[in-house]
Amino acid sequence: MQYISCIMVILLLCALLTPIWCQQDLKMEDLTPEQQQEAIRQRDMLKEMFDALQGKSEEEQAAIVQGFSEEQRQLLDAYHKFRQGGGAEPAEPEFDENNPPSPEQQQRILKRIFDSLEGKTRDEQNDIINKLKPFEKELMDRYNDYRFEQQVNHMKAEKQKAGHCEDKDVYKMDEDENYDYTRPSLGNCTQLSLWDDDLGDDGARALSSELKGNNHLVALFLDTTGIESDGAIALATAIKDSDIFASIDLEGNSIGNAGAKALAEALLTVTNIERVGLAHNEIGDEGADALIELVKAKPSILFCEIHGNLMAKAKFKLINKLVEGNMKTAIEAKQAENDNSHEDEENVVEVKEELYFDGGIYCEL
């Protein structure tokens, strides 16, 4: 076959990729049927080459390119010259059920979405989400479903341990068959999980009174329970100076800066705190500063979920970086303790997976 010139290759690429890269007006319909067929053939050839190079080291890629035919190398060279010639940064292609994004593309899309939501109010976040493309909304829904499933699985695993309690274990129902959140009874509970319960600040204060002097409870999961700053301050007072408390999760409440600062100050006095979940709590820079000091002072903190707040992105990233540092130190300590045994390798993998999927950096993806 007679090879097409580099100029023709570039013209065909512009026609084929106009919606993505080219700033020219040339479109596929501007080409003759023969040129259209050739453009499609070149596109398919490029895709095969890029698929072969995907995920390979530079040395491996160089060896693969050497094995390409002369036509393939000419096409690849023309493509790179075309890209270097000033095309705009590649836009995302239009994804649908027939053209789904790859795992790598999904990660980039999710990262972009989460970056756009950081530092925004809930109304602003809702506006951004409403403007997402259909495939972006579907991807975010799938991710949120995955996160929810992970949390459910985590809770099921935790529930198997002795002392895990839910609302039905701690609260009695009133005559209207609603839980009476003003009269909790923790008994020997080691963990308490309330999701979407109407606890509010009054319920948080009642729970705090029950917590004072409690020698059993090590973890509180109070997601989306209507707690504001006063309730968080009450909880902070209750867990202060505890030598057994290890985990608190208040995602989806509205504790604000005052609540975050009170919790951070209290957790500085908690001996073994490991997990702090404060995502979507309207926490700004003042609260972020308190959390930064907390994570700095407490290398035991391996989880600090803070996405969806109002803090500056730089502070958000700093907290994530500090948590990563804590995790790295924990992994190195574990390796040294077990002398790199096979069992230890499995433990380290589990620790790393916990950091990636459930830790402070998961929202960076």
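Please read these numbers as outputs of a predicted model, since none were measured by experiment.

Asks: Would you explain the overall build of the chain in this entry?
Replies: The helix and strand tally for the chain stands at 14 helices and six strands. Each of the 365 residues in the chain was classed as buried or not, and the buried ones make up 41%. Of the contacts formed within the chain by residues at least 6 apart in sequence, a portion of 73% connects residues at least 24 apart.

Asks: Just checking my understanding: could you explain unusual backbone geometry for this structure?
Replies: A negative phi holds for most residues other than glycine; trans holds for most peptide bonds. In this structure, T224 takes a positive phi of about 50° despite not being glycine. In this fold, T224 is placed in the loop between β3 (219-221) and α10 (229-239). A positive phi is found at D241, a non-glycine position, where the angle reads about 70°.

Asks: Would you mind showing me how to read the sheet that holds β3 here?
Replies: The strands making up a sheet associate through hydrogen bonds between their backbones, and the pairing can be parallel or antiparallel. The six strands lie next to each other as β1-β2-β3-β4-β5-β6, forming an open sheet whose pairing is parallel. Whereas interior strands pair on both sides, the edge strands pair on one side only; in this sheet they are β1 (164-166) and β6 (303-305). Here the average twist between neighbouring strands, direction ignored, is 10°. The sheet contact formed by strand β5 (residues 275-277) and β6 spans three bridges and is parallel. What sits directly across from G277, in β6, is E305.

Asks: Looking at this structure, how should I read the pattern of salt bridges?
Replies: Any two side chains of opposite charge can pair if their charged atoms end up close together. What the rule picks out here adds up to 13 salt bridges. The partner of R112 in a salt bridge is E136, and the shortest N-O contact between them spans 2.6 Å. You can see R112 sitting in helix α5 (residues 103-117) and its partner E136 sitting in helix α7 (residues 134-159), a full 24 residues away along the chain. R112 gets classed as partly exposed once you look at its relative accessible area, which sits at 35%. The exposure class of E136 is buried, given its relative accessible area of 5%.

Asks: I tried to follow empty space enclosed by the protein on my own but got confused; where do I start?
Replies: The method is simple in principle: a probe with the dimensions of a water molecule rolls over the atoms, and the space it marks as empty is what remains. Tallied over the entire structure, the rule returns two cavities of 30 Å³ or more. By volume, the second largest cavity amounts to about 30 Å³. Taken together, K120, T121, R122, Q125, H280, N281, E282, G308, N309 and L310 form the lining of the second largest cavity.

Asks: Whenever I open this one, the packing of aromatic side chains confuses me. Can you help?
Replies: Working definition: an aromatic ring pair is given by the centre-to-centre distance plus the angle between the planes. Counted under the stated rule, the structure contains five aromatic pairs. A centroid spacing of 5.8 Å and a plane angle of 55° characterise the contact between F148 and W195, whose relative ring orientation is tilted. On the criterion of sequence distance, the pair formed by F148 in helix α7 and W195 in the loop between β2 (191-193) and α9 (200-211) is long-range, its members being 47 residues apart. For F148, a relative accessible area of 47% puts it in the partly exposed group. Through a chain of ring-to-ring contacts, the aromatic side chains of F114, Y143 and Y146 assemble into a single cluster. Lying across the ring of F303, R275 places its NZ or CZ 4.1 Å from the centre.

Asks: Just checking my understanding: could you explain the state of the cysteines for this structure?
Replies: By definition, a disulfide is the covalent link that joins the sulfur atoms of two cysteine residues. Going through the model one piece at a time under the given rule, you end up with one disulfide. Here C165 connects covalently by a disulfide to C189, the sulfurs 2.0 Å from one another. Linking C165 and C189, the disulfide has an S-S dihedral of approximately -95° and is accordingly described as left-handed. One end of the pair, C165, is in strand β1; the other, C189, is in the loop between α8 (167-170) and β2, and 24 residues separate them in sequence. Judged on exposure class, the residue C165 and its partner C189 are both buried.

Asks: Which parts of the structure should I look at to understand α5?
Replies: In an α-helix, one full turn covers 3.6 residues, which means residues spaced three or four apart are oriented alike. Spanning 15 residues, α5 covers 21 Å between terminal C-alpha atoms, matching the ideal 21 Å at 1.5 Å per step. For α5, the complete set of buried residues consists of Q106, I109, L110, I113, F114, D115 and L117. G119 sits one or two positions beyond α5 and adopts a positive phi of about 80°.

Asks: What's the story with the environment of L220 in this structure? I'm lost.
Replies: Among the structural elements, L220 can be located in strand β3. Between the alpha carbons of L220 and L250 there is a distance of 8.2 Å; along the sequence they are 30 residues apart. Residue contacts for L220: discarding those within four places in its chain leaves L192, L207, L211, L235, F245, S247, I248 and D249.

Asks: Whenever I open this one, the layout of surface pockets confuses me. Can you help?
Replies: Space inside the second largest pocket adds up to approximately 690 Å³. If you trace the second largest pocket, you find 24 residues lining it, with N144, E251, G252, H280 and H307 closest to the centre. Contributing elements (two or more residues each) for the lining of the second largest pocket: α5, α6 (122-130) and α7. Counting residues per element, the lining of the second largest pocket draws most heavily on α7, at six residues. Broken down by class, the residue content of the lining of the second largest pocket amounts to eight nonpolar, nine polar and seven charged.

How each quantity is defined
Residues numbered from 1 in each chain as written. Predicted model: local features only at pLDDT ≥ 70, side-chain atom pairs only at ≥ 80, totals over all residues. Heavy atoms only, no water. Helix = DSSP H or I, 4+ residues; strand = E, 2+ residues; numbered from the N terminus. Buried < 20%, exposed > 50% of the residue type's maximum accessible area, 1.4 Å probe, protein only. Contact = heavy atoms within 4.5 Å. Pairing = 2+ DSSP bridges. Axes fitted to C-alpha atoms, helices over the stretch in contact; angles between N-to-C directions. Salt bridge = Lys/Arg side-chain N within 4 Å of Asp/Glu carboxyl O. 1 Å grid on protein atoms, 1.4 Å probe; cavity = no way out; pocket = protein on both sides within 12 Å on 5 of 7 lines; lining within 4 Å. Points joined across faces, edges and corners; volume = space filled by probe spheres on them. Phe/Tyr/Trp six-rings, centres within 6.5 Å; stacked < 30°, edge-to-face > 60°. Lys NZ or Arg CZ within 6 Å of the ring centre and 35° of its normal. Disulfide = S-S within 2.5 Å. Expected span 1.5 Å × (residues − 1). Nonpolar A, V, L, I, M, F, W, Y, C, P; charged D, E, K, R; others polar.

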